[in-house]
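Per-entry structural report
Each chain, letter by letter, is given below.
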Amino acid sequence: MSRPDARAFAESPVVKQLIAIGKGDASLPKSDARNHHYIPQLLLRGFTGDDKLLRRLNKSTGKVDKVGVPSAASQDGFYTFDDADGLPTNDVEAYFGVIENHAARALRRMERKGELSHADRATISIFLAMLWVRTPSAREQGEALSQEVFKLSAASFYADPGEFRRSYRKREAAGEAGPKNDKEVEEFRLEVMDAVQTGGVKIHDPGGSNVMSILLESALESAERLYLHSSWGLMRAGQGEFVMSDRAQAVFDPDRPFPWVMDAPFSSLKSQTTTPISSGLCLIVVPAPDRAHFEVKTITGEEVDEVNFRTYGWAGRSIFGSSTELISKISEMAKEEPDRVKEPRPFRNAIMIERDFDDERLADAHRERGWPPFMTDWSQGFARRMDYMVVGPDGDSAEVGATTSELAKRRALKAAGLPPDSDVEGTFGTQHVHPLDLSP
């Protein structure tokens, strides 16, 4: 297969249909479905037994039951959101349906021919990227990340009394805030700061539509990257069978650039993302910035077990397979060999701060943890070594936001030759780092 390019991605049938819908040149199909599958039925069907039923194992209890594909890995109204007029709509469910219709055909061609055209690679890239963001686990993670970013930003803003006072006076002059003296403004700042720190002030996202919009947008960006900058392998089970989870995918990365970075499809050049597509087939995707390879390989029973360990580890609540014996065996093996179970690491937000070469406290703290002492910032076109703080190990979001804001201001004043208590207008050098921004 020749190397794909961005033009070929844009010319794939699924991308062309989505663009036409976005421009209003085509209509989004209507969906009246009430039961929404976060693992597509086209995948679930590949893991049923001879009776066309799935065996579902509950990770927490170890109990196994039988479930039909129409009711498995689904939730009533999971993709129903309010439209601009406040009316419920199934547009997201219909959107996924468009992608699944194209993906089903592309996956069948890949399986039958053992090869991958540019068009099918683009279609499956979008399908895989959407799988990453459409599950309950992904939405919970997206909601948590949004709240964390809000706390970071709000705490950074409210941490500086002088900057807050100036902002309040501007709003007061515009008639957007009531009159207060400086003491009252400071008391108000402290009240809001406390509310931010204790969670009393949060992002309001009824129904989760804003988070879903962000997830879908990020998935489209990830899809093009999967298409252009990764190598794929279609693994056939020579022995044993693959299982599916309620998260669909699993990632193992032995070489993350920072210990606190979450595993993700591009978290490092050694990242491996596995997506079982039937009991006998599994896709594996690895970053490959300079090539886009595809191969088919038959793997051993032990290698199938390794994939299943990862699938089990990344499952939220359930795994699915063709027989009770199969999924019970995986559960027992996971208990006997817990080191082989690869669970998702929690995401962490980080803030980068301009360095003070006379202050090595943050770098020393990182060294004591076994972390790299600095992060590298390329935002200005060249490498700069920066100090950083991480939400969690260095405090919650509000603490890290306030601390980094204060530290950045103090360092900026020092660099300018001003006293640390100078009341200077302006923002100072902190930079939020999304967990996935660190990928190569």
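Look a little higher up for the structure.
The structure reproduced in this document is the subject of the present report.

**A word on the overall build of the protein**
- A count of helical and extended segments in the protein gives 13 helices and 17 strands.
- A globule of 440 residues ought to have a C-alpha radius of gyration of about 22 Å, and the protein, at 25 Å, matches this closely.
- The buried share of the protein, reckoned over its 440 residues, is 48%.
- Contacts in the protein between residues at least 24 apart in sequence constitute 75% of all its contacts with a sequence separation of at least 6.
- Element-wise, carbon and sulfur atoms account for 50% of the exposed surface of the protein, whose accessible area totals about 21400 Å².
- Side-chain charges of the protein comprise 56 positive and 68 negative groups, with the mean position of each set lying 4 Å from the other.

**Topic: the pattern of salt bridges**
- With the rule as written, the count across this model stands at 28 salt bridges.
- In this structure, Glu337 engages Arg340 in a salt bridge whose closest nitrogen and oxygen atoms are separated by 3.4 Å.
- A relative accessible area of 32% places Glu337 in the partly exposed class.
- You can call Arg340 partly exposed: its relative accessible area is 22%.
- Across the salt bridge formed by Asp364 and Arg367, the nearest N and O atoms sit 2.8 Å from each other. One end of the pair, Asp364, and the other, Arg367, are both in helix H12 (residues 361–369), 3 residues apart, so they sit about a helical turn from each other.

**A word on helix H7 (residues 161–173)**
- Under the 1.5 Å per step criterion, the end-to-end length of H7 is 18 Å for 13 residues, consistent within 8% with the ideal 18 Å.
- The complete set of buried residues in H7 reads Gly162, Glu163, Phe164, Arg166 and Tyr168.
- Against the buried residues of H7 lie helix H6 (136–158) and helix H8 (182–198).
- Immediately beyond the C-terminal end of H7, within one or two residues, lies Gly175, with a positive phi of roughly 80 degrees.

**Overview of the nonpolar core**
- With 67 residues, the main nonpolar core has Leu44, Met110, Ile124 and Met130 as its most contacted residues.
- No other element matches the 10 residues that helix H4 (residues 91–113) contributes to this core.
- Excluding residues that lie within four positions of it along the chain, Met130 makes contacts with Tyr95, Phe96, Ile99, Leu216, Ala219 and Leu220.
- In this structure, Ala154, Ala159, Val185 and Val196 belong to the second largest nonpolar core, which totals 13 residues.

**Remarks on the pairing of strand E3 (residues 64–68)**
- Inspection of the sheet shows strand E2 (residues 53–58) paired to E3 by 5 bridges, in the antiparallel sense. By the bridge assignment for E3, Leu57 is matched with Val64.
- A loop of 5 residues connects E2 with E3, the two strands running antiparallel in sequence, and Gly62 in this loop sits at a positive phi of about 80 degrees.

**Quick word on the pairing of strand E7 (residues 230–237)**
- The element E7 is extensively covered by neighbouring structure, given that 6 of its 8 residues are classed as buried.
- Relative to strand E11 (residues 281–287), E7 runs antiparallel, the two being bridged by 7 bridges. Paired with Ser230 across the bridge in E11 is Pro287.
- Pairing analysis gives 6 bridges linking E7 to strand E12 (residues 294–299), with the strands arranged parallel. Bridge pairing in E12 places Trp232 opposite Phe294.

**Examining the environment of Leu220**
- Note that Leu220 resides in helix H9 (residues 209–228).
- A relative accessible area of 37% means that Leu220 is categorised as partly exposed.
- Sequence separation between Leu220 and Ser125 is 95 residues; the distance between their C-alpha atoms is 9.1 Å.
- If sequence neighbours within four positions are ignored, Leu220 has contacts with Tyr95 and Met130.

**Here we look at the sheet that holds strand E10 (residues 272–278)**
- Across the sheet, which stays open at both edges, the 5 strands sit in the order E9-E10-E11-E7-E12 with mixed pairing between neighbours. Each end of this open sheet is capped by a strand with a single partner; those strands are strand E9 (250–252) and E12. Strand-to-strand, the axes of this sheet are offset by a mean angle of 25 degrees, without reference to chain direction.
- Along the sheet face, H4 touches E7, E10, E11 and E12 and points at about 65 degrees away from the line of E7.

**Observations concerning the packing of aromatic side chains**
- Enumeration over the complete set of coordinates arrives at 12 aromatic pairs.
- Ring centres 5.2 Å apart and planes at 35 degrees place the aromatic pair Phe258 and Trp260 in the tilted group. The exposure classification of Phe258 matches that of Trp260, with both residues buried.
- Within the aromatic cluster, the residues linked to one another by ring pairs are Tyr38, Phe78, Tyr79, Tyr95 and Phe96.

Conventions we followed
- Residues numbered from 1 in each chain as written.
- Predicted model: local features only at pLDDT ≥ 70, side-chain atom pairs only at ≥ 80, totals over all residues.
- Heavy atoms only, no water.
- Helix = DSSP H or I, 4+ residues; strand = E, 2+ residues; numbered from the N terminus.
- Rg over C-alpha atoms; globule rule 2.2 N^0.38 Å.
- Buried < 20%, exposed > 50% of the residue type's maximum accessible area, 1.4 Å probe, protein only.
- Contact = heavy atoms within 4.5 Å.
- Areas by Shrake-Rupley, 256 points an atom, 1.4 Å probe, with all protein chains shown as cover.
- Lys, Arg positive; Asp, Glu negative; His and termini not counted.
- Charge placed at Lys NZ, Arg CZ, Asp CG, Glu CD.
- Salt bridge = Lys/Arg side-chain N within 4 Å of Asp/Glu carboxyl O.
- Expected span 1.5 Å × (residues − 1).
- Core = buried A, V, L, I, M, F, W, Y, C linked by side-chain atoms within 4.5 Å.
- Pairing = 2+ DSSP bridges.
- Axes fitted to C-alpha atoms, helices over the stretch in contact; angles between N-to-C directions.
- Phe/Tyr/Trp six-rings, centres within 6.5 Å; stacked < 30°, edge-to-face > 60°.

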